[in-house]
Amino acid sequence: MNQPAILALEDGTVFEGVSVGAPGLSVGEVVFNTAITGYQEVLTDPSYARQLVTLTYPHVGNTGCTDQDDEASRVWASGLIVRNVPRRPSNWRNQVALPQWLAARGVVAIADIDTRKLTRLLRESGAQNGALMAGDVDVAKALEAARAFPGLKGMDLAKVVTTPASYEWRDGQLDLDSNTFVQAEARHHVVAYDFGVKHNILRMLAERGCRVTVVPAQTSAADVMALQPDGVFLSNGPGDPAPCDYAIAAIREFVAARVPTFGICLGHQLLALAVGAQTLKMGHGHHGANHPVQDLDSGRVMITSQNHGFAVDEATLPANVRVTHRSLFDGSNQGIALTDAPAFSFQGHPEASPGPHDVAPLFDRFVASMRDPGFGVRDSGGRQ
Ligand SMILES: NC(=O)CC[C@H](N)C(=O)O
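Residues numbered from 1 in each chain as written. Predicted model: local features only at pLDDT ≥ 70, side-chain atom pairs only at ≥ 80, totals over all residues.

## Points about unusual backbone geometry
Keep in mind that most residues, glycine aside, have a negative phi and that most peptide bonds are trans. Geometrically, the link from Ser353 to Pro354 is a cis peptide bond, its omega value of 10 degrees lying close to zero. Looking at where Pro354 falls in the secondary structure, it is placed in the loop between strand 19 (343-346) and helix 10 (361-371). Positive phi is not limited to glycine here, since Asn179 has a value of about 60 degrees. Inspection of the secondary structure puts Asn179 in the loop between strand 9 (171-175) and strand 10 (180-183). (Helix = DSSP H or I, 4+ residues; strand = E, 2+ residues; numbered from the N terminus.)

What follows is the structure in structure tokens.
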């Protein structure tokens, strides 16, 4: 028999449903994601640490779960909130059904609640703090826990989710015929900062000929330089970018030394902070796989995968930074490039895991900048 579960929001709203994961209490910021596929990638994306994710798509778990789709070695989202989990998953890659997968990993999850109502509420109020409780439920306790969560603003989580030690990564994409990850030949050495890196980013670097050394978030610039990288990659990650002073200081040194640098999501925000700009907390953020973003150089509109609750404040960008991409949903900043150093970054997810592949060529641009650091740099007479 299904155990009861509740979701309590800090504004006092309580949803009642059934448990589809582990029993227990879990708190975090409640955000909605509008992607139709990719629930396993969302749950294992470290950028969702301390967040309770509701999916607007009503049927979640249809294709089950498989180890190969994990974006990290564990589930990082604090909990899952859905309308309906099908009784039986069906897919040739399925290894285990979503509720068993969640329970085995200790993840609290609720189903059978009105996720449309919840999403409308979050859209109006902005992301709220909340508490999920499954098994022995107690509304008063859950409300108290929701209100006690301090919120993500000011929270440095990159150093919490990062790898404890550096490691090498060589796996390219999954070859479905042999069911193995392709090993590509390495031509460039990339040092990737793990602020909460997703595996598909590392795969996309590897398949483009990069040997990747993944390093902990607090690795100093000097220690990275000692590894003699051809390029530095700044990963996605959870929490507020502003308190990550160690990363901001290191990035300043890579920019000054003109090391080709590429940042995604939190990495994008950290590059902006390193050049002196500011970031701000958004209302309900961007979490989905169909967000239109304009490439301001070409005018082309790309459909992108998004997952962020903070954004770069364009008004604070210094003169040596140009805006390269903008969201067509709300006009917020989606990409920057330095005009005097080979450094650029993107707010959305070019690794699109899950999502469309329109922005994947940004990885090629990073590789091009390692071959020729003048690539894309305006003030050095380099190529565009
Ligand atoms: N996916 C990410 O890297 C998210 C970046 C940051 N934590 C934000 O919410 O904006």
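## Details of the UniProt feature "binding site: L-glutamine" (unreviewed entry) in the protein
Following the UniProt record, the feature "binding site: L-glutamine" (unreviewed entry) maps to Ser47, Gly237, Gly239, Leu266, Gln269, Asn307, Gly309 and Phe310 here. A compact arrangement is adopted by the annotated residues: their sequence extent is 264 residues, whereas the largest C-alpha distance between any two is 13.2 Å. According to the C-beta neighbour criterion, Gly237 is buried, with 32 such atoms within 10 Å. You can see Gly239 is positioned in the loop between strand 13 (231-234) and helix 8 (245-256). For Gly239, the residues in contact, after removing those within four places along its chain, are Leu152, Met155, Asp156, Leu157 and Ala158. (UniProt positions renumbered as here; feature names shortened; annotations may be inferred. Buried ≥ 20, exposed ≤ 12 C-beta atoms within 10 Å, placed from the backbone. Contact = placed C-beta atoms within 7 Å.)

## Examining the nonpolar core
Looking at soluble globular proteins, one finds that nonpolar side chains tend to be buried together. Judged by nonpolar contacts, the single largest core of 110 residues is most densely connected at Ile110 and Leu205. At six residues, helix 9 (residues 266-274) tops the list of elements feeding residues into this core. No fewer than three residues from each of domain 1 (4-148) and domain 2 (158-371) sit in this core. Setting aside its immediate chain neighbours within four residues, Leu205 contacts Val190, Cys210, Val212, Phe233 and Phe363. (Core = buried A, V, L, I, M, F, W, Y, C linked by C-beta atoms within 7 Å. Domains from an automatic or database assignment.)

## Structural notes on the sheet that holds strand 8 (residues 167-169)
Backbone-to-backbone hydrogen bonds join strands into a sheet, with any given pair of strands oriented parallel or antiparallel. Spatially, the 10 strands line up as an open sheet ordered 8-12-11-13-14-19-18-17-15-16, and their pairing is mixed. A strand with exactly one partner marks an edge of an open sheet, and here the two such strands are strand 8 and strand 16 (301-313). With strand direction ignored, the average angle separating the axes of adjacent strands in the sheet is 25 degrees. Direction of pairing for strand 14 (residues 261-264) relative to strand 19: parallel, over a ladder of four bridges. Residue pairing for strand 19: Gly263 is matched across the bridge by Ser345. Of the strands in this sheet, strand 13, strand 14, strand 15 (278-295), strand 16, strand 18 (333-338) and strand 19 are in contact with helix 9, which crosses strand 14 at around 125 degrees. (Pairing = 2+ DSSP bridges. Axes fitted to C-alpha atoms, helices over the stretch in contact; angles between N-to-C directions.)

## Focus on the pairing of strand 17 (residues 321-327)
By the bridge criterion, three bridges tie strand 15 to strand 17 in an arrangement that is antiparallel. Across the sheet, residue Val293 finds its bridge partner in strand 17, namely Ser327. As paired strands, strand 17 and strand 18 are joined by five bridges and run antiparallel to one another. Paired with Arg326 across the two strands is Asn333, which belongs to strand 18. Connecting the antiparallel pair strand 17 and strand 18 is a turn made up of five residues, with Gly331 showing a positive phi of about 75 degrees.

## A short note on the UniProt feature "active site" (unreviewed entry) in the protein
The feature "active site" (unreviewed entry), as annotated in UniProt, sits at Cys265, His349 and Glu351 in this numbering. Maximum C-alpha separation among the annotated residues is 11.0 Å over a sequence range of 87 residues, consistent with a single clustered spot. Tracing the chain through its elements places Cys265 in the loop between strand 14 and helix 9. Not counting residues up to four positions away in its chain, the partners in contact with Cys265 are Ser47, Asn236, Asn307, His308, Gln347 and His349. With respect to the secondary-structure elements, His349 resides in the loop between strand 19 and helix 10.

## A word on the environment of Ala221
You can see Ala221 is positioned in helix 7 (residues 221-225). In this structure Ala221 comes out as partly exposed when scored by C-beta crowding, with 19 C-beta atoms within 10 Å. Sequence separation between Ala221 and Ile251 is 30 residues; the distance between their C-alpha atoms is 7.3 Å. Once residues within four sequence positions are removed from consideration, Ala221 is found in contact with Ala250, Glu253 and Phe254.

## A closer look at the domain arrangement of the protein
It is common to report an interface's size as the accessible area lost on association of the parts. Partitioning the protein into structural domains gives domain 1 (4-148) and domain 2 (158-371). Here the C-alpha centroids of domain 1 and domain 2 sit 27 Å apart. On the side of domain 2, 23 residues touch domain 1, which itself brings 23 residues to the contact. In terms of residue count, the dominant contributor to the side of domain 1 that touches domain 2 is strand 3 (residues 24-33) (three residues). By residue class, the composition of the side of domain 1 that touches domain 2 is 10 nonpolar, seven polar and six charged. (Nonpolar A, V, L, I, M, F, W, Y, C, P; charged D, E, K, R; others polar.)

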